[in-house]
Amino acid sequence: MNDIASRDPIRLTRLPSGLTVVTERMERVETVSLGAYVASGSRNERAEENGVSHFLEHMAFKGTERRTAAAIAEEIEAVGGQINAYTAREQTAYYVKVLKEDTALGADIIGDILTHSTFEPEELERERGVILQEIGQANDTPDDIIFDHFQEAAFPAQPLGRPVLGSETGIRAMPRSMLTQYMRTHYAASNVVVAAAGNLDHDAILALAEKHFADLPAEPPPAIAPASYTGGDFREGRDLDQVHIVLGFPSVGYSDPDYYPTLLLSTLLGGGMSSRLFQEVREKRGLVYSVYSFSAPFADGGLFGIYAGTGESEAAELMPVTLAELRAVQQDVTAVELDRARAQVKASLLMSLESTGSRCEQIARQIQVFGRVVPTAETVAKIAAVTREDVARAARRLFRAKPTLATLGPTGRVPGLADIAEKLAA
């Protein structure tokens, strides 16, 4: 057992099984957030398995050898606690938030659903129907499904480009054996971080983890396939009042030197009401109700994107204005807007530290990405060190690469990908 301890409230222990346990003590709160964070998501699925990670997340709450689905909900709510889960492209998380005196119950339930779920056929068929409804709802929500189309156009025919929910056809055909096999393969102890934050004792959390997660598989999971950005143009005409547009570019991963410049670029370009795109596109020209940019890092790369929803008649004007901003930010970033973006990112980071749930998730993710918990002071220093030229350089790196475009709705007035690339190169 490797235990890294110090005066710092954060403690980290790596067990012989490969399971990592990390905690942060927050003495002035009365709660504890605890979760199991599995370094496996839709990116780890084979083509025929697409959607299995999300299906597993749903099934985890549908009964174990000791608890029915109702009992899981009743036990946690009987103490006023909350339980939830989510699936992403590189992670699946299961977590609770409870009063500090109920921490043992929370750990018991999370450990139970990860190691002793039964996947009863009746529950599985019921949940299959729920997921099909979820897919249908996403398909009927254009400002949601457009991001799946964007991801697929950027990374076609590979795991990183497939939707987290899977397809309707795939979910209908997915057998119980696929879920159980995937869980045995990917929910290995070495692929799981048990994290907790709040009014806790690390040694007590460690003992709970050793007890309730002892039955996780020991065999290491297979390595993920490298991502290969391709880029492309997705268009789907629909009879909608708005055309939904995502324009994006290959971007950087968590460990890239341009990670923080890219984060600040996203903030000053389209991260708030004072951002360039919001002011130029919405406030000055009234072309959209919603416009924003985003940076989505992965383990070995990422995507940078801009979303806008606009009317059919405004679509022709929107793109040239947006591209003009992308060209301008490559040449000059003002000190005022950089300071404003820096303040936004720093404030968001520090405010998140006040939540046990956010802190629990953050330290787990840092362990999985960096192999350590990154001190807040270190992150703040890196944000402070970003210069105007760093941001402009990151913009040149991103916006001179091959773009990806996804559009949904009345798309006739949206320029084509070749035209967009030509205007960006001008």
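Note that the coordinates shown come from a computational prediction; the quantities given were computed from them, not determined experimentally.

Trainee: Could you give an account of the overall build of the chain, with specific residues and numbers?
Mentor: If you tally the helices and strands in the chain, you get 16 helices and 12 strands. Against the compact-globule benchmark of 22 Å for 426 residues, the chain has a radius of gyration of 23 Å, which places it among compact chains. Counting only C-alpha atoms and orienting by the principal axes, one finds that the chain spans roughly 60 × 50 × 35 Å. Split into buried and exposed, the 426 residues of the chain put 53% on the buried side. Expressed as a percentage of contacts within the chain between residues at least 6 apart in sequence, the contacts between residues at least 24 apart total 80%.

Trainee: How would you summarise the sheet that holds strand β10 (residues 288-298) if you had to cite specific residues and measurements?
Mentor: Strand order in the open sheet formed by 5 strands is β8-β12-β9-β11-β10, with mixed pairing between adjacent strands. Two strands lie at the open edges of the sheet, namely β8 (233-237) and β10, each paired on one side alone. Strand after strand, the sheet turns through a mean of 10° between neighbouring axes, direction not considered. Across the sheet, helix α5 (residues 142-154) is in contact with β8, β9 (242-251), β10, β11 (301-311) and β12 (404-409); its angle to β12 comes to roughly 150°. This element, helix α11 (residues 315-331), spans β9, β10, β11 and β12 of the sheet and lies at about 25° to β9.

Trainee: So what's going on with the nonpolar core? Residues and values would help.
Mentor: If you look at the biggest cluster of nonpolar residues, it comprises 62 residues, and the most contacted ones within it are L19, Y94, L179 and F213. Residues V345, I383, A395 and F399 belong to the second largest nonpolar core, which totals 42 residues.

Trainee: Kindly report on the packing of aromatic side chains, identifying the contributing residues and their values.
Mentor: In the structure shown here, the tally under the stated rule is 14 aromatic pairs. Seen from their ring centres, Y259 and Y260 are 4.9 Å apart, and the 80° between their planes marks the pair as edge-to-face. With a relative accessible area of 17%, Y259 lands in the buried category. The exposure class of Y260 is buried, given its relative accessible area of 16%. Here a set of aromatic residues connected by ring pairs shows up, and it is made of F147, F150, Y292, F294 and Y307.

Trainee: Mind laying out the pattern of salt bridges, listing which residues take part and the relevant values?
Mentor: All told, the structure shown has 37 salt bridges when counted by the stated rule. A salt bridge links K100 to E30; the nearest nitrogen and oxygen atoms lie 3.2 Å apart. Of the two residues, K100 is situated in the loop between β6 (92-99) and α3 (103-115) and E30 in the loop between β3 (20-25) and β4 (31-38); the sequence distance between them amounts to 70 residues. Given a relative accessible area of 33%, K100 falls into the partly exposed group.

Trainee: Now, about the environment of V21: what can you tell me, with residues and values included?
Mentor: The residue V21 is located in strand β3 in this model. Taking the C-alpha atoms as reference, V21 lies 8.2 Å from A196; in sequence the two are 175 residues apart. In this structure V21 touches R11, L12, T13, L15, V194, H202, I205, L206 and A209, once residues within four positions along its chain are discounted.

Trainee: A description of the pairing of β11 should follow, citing residues and the corresponding values.
Mentor: Judged by how many residues are buried, β11 sits mostly within the fold: 11 of 11 residues are covered. The alternating pattern of β11 places G301, L303, G305, Y307, G309 and G311 on one face and G302, F304, I306, A308 and T310 on the opposite face, and all of these are buried. Strand direction decides the pairing type here: β9 and β11, joined by 10 bridges, are antiparallel. Bridged to Q242 within β11 is G311. Bridging between β10 and β11 involves 10 bridges; their strand directions are antiparallel. Each bridged residue has a counterpart across the sheet, and for S295 the counterpart in β11 is F304. Counted along the chain from β10 to the antiparallel partner β11, the turn is 2 residues long.

Trainee: Tell me about the packing of helix α9 (residues 259-270) against helix α15 (residues 388-399), residues and numbers included.
Mentor: One way to put it is that α9 packs onto α15 with a least axis distance of 9 Å and a crossing angle of 90°. Comparing their axes, α15 and α9 come out roughly perpendicular. Facing P261, T262, L264, L265, L268 and L269 of α9, the residues of α15 in contact are D390, V391, R393, A394, A395, L398 and F399. Residue classes in the contact of α9 with α15 are distributed as 10 nonpolar, 1 polar and 2 charged.

Trainee: Can you tell me about the pairing of β3, naming the residues and giving the values?
Mentor: In terms of burial, β3 is largely enclosed, as 5 of its 6 residues are buried. Connecting strand β2 (residues 10-14) to the next strand, β3, in antiparallel fashion are 5 residues, including G18 with a positive phi near 105°. Note: β3 against strand β7 (residues 192-198), 6 bridges, orientation parallel. If you follow T23 over to β7, its bridge partner there is A196.

Trainee: Kindly report on the side chain of T64, identifying the contributing residues and their values.
Mentor: Among the secondary structure elements, T64 is positioned in the loop between α1 (52-59) and α2 (69-78). The residues touching T64, leaving out its near neighbours within four places in the chain, are I72, D112, I113, H116, S117 and T118.

Trainee: Go over unusual backbone geometry with me, naming the residues and quoting the values.
Mentor: You will see that F119, though not glycine, has its phi angle at about 55°, which is positive. One can find F119 in the loop between α3 and α4 (121-139). F119 gets classed as buried once you look at its relative accessible area, which sits at 5%. One non-glycine residue, A157, lies in the positive phi region at around 55°. Positionally, A157 belongs in the loop between α5 and α6 (168-173).

Thresholds, definitions, all that
- Residues numbered from 1 in each chain as written.
- Predicted model: local features only at pLDDT ≥ 70, side-chain atom pairs only at ≥ 80, totals over all residues.
- Heavy atoms only, no water.
- Helix = DSSP H or I, 4+ residues; strand = E, 2+ residues; numbered from the N terminus.
- Rg over C-alpha atoms; globule rule 2.2 N^0.38 Å.
- Buried < 20%, exposed > 50% of the residue type's maximum accessible area, 1.4 Å probe, protein only.
- Contact = heavy atoms within 4.5 Å.
- Pairing = 2+ DSSP bridges.
- Axes fitted to C-alpha atoms, helices over the stretch in contact; angles between N-to-C directions.
- Core = buried A, V, L, I, M, F, W, Y, C linked by side-chain atoms within 4.5 Å.
- Phe/Tyr/Trp six-rings, centres within 6.5 Å; stacked < 30°, edge-to-face > 60°.
- Salt bridge = Lys/Arg side-chain N within 4 Å of Asp/Glu carboxyl O.
- Parallel < 35°, antiparallel > 145°, perpendicular 65-115°, else oblique.
- Nonpolar A, V, L, I, M, F, W, Y, C, P; charged D, E, K, R; others polar.

Distances and angles like these do not, on their own, reveal function.
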